[in-house]
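Examination of the molecular architecture
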Amino acid sequence: MVKIFIIPKSKSQTDEIIEFLLRGKYLLTVTIIENCVQARIDAKSKTSKLNRTLISGIVKSLQFNNLNDRLRKMFGSNMPVLYSIPIVHMDPQQSETIADYITVF
């Protein structure tokens, strides 16, 4: 299992991704953290800050590439940031519940 993180580029993209993940049964639950600040330095060394939404959830690690492909098809050049981190330990019963629920795509 891995924990995925998605940073959409807009409110409408956020809503579309959440619907896609839940209705398609790709995730059992989605965690949404609004008003995260994403900071970066531009070519002129000026710091800019953007308010973003962070979507996260747990998927089977073998499904990450499939999820990436589906989001790429949905959004093309407007692809949201997508990455994952491995889950090292998890309650076995909860892990089984998630694994049984997630659609294989």
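First things first, this report covers the structure right here in the doc. (Residues numbered from 1 in each chain as written. Predicted model: local features only at pLDDT ≥ 70, side-chain atom pairs only at ≥ 80, totals over all residues. Heavy atoms only, no water.)

Re the pairing of strand β3 (residues 47–59)
Two elements, strand β1 (residues 2–7) and β3, share 5 bridges in a ladder whose sense is antiparallel. Bridge pairing in β3 places F5 opposite S56. Once strand β2 (residues 31–41) ends, the chain turns through 5 residues before running back antiparallel as β3, passing S45 with a positive phi of about 60 degrees. (Pairing = 2+ DSSP bridges. Helix = DSSP H or I, 4+ residues; strand = E, 2+ residues; numbered from the N terminus.)

Concerning the environment of I55
Topologically, I55 is positioned in strand β3. Residues I55 and I7, 48 residues apart in the sequence, show an inter-C-alpha distance of 6.4 Å. Each residue touching I55, except ones within four places of it in the same chain, is listed here: I4, F5, I6, P8, T14, I17, I18, L21, V30 and T31. (Contact = heavy atoms within 4.5 Å.)

Comments concerning the side chain of S56
Structurally, S56 is set in strand β3. Those residues in contact with S56 that lie beyond four places of it in its chain are K3, I4, F5, T29, V30 and T31.

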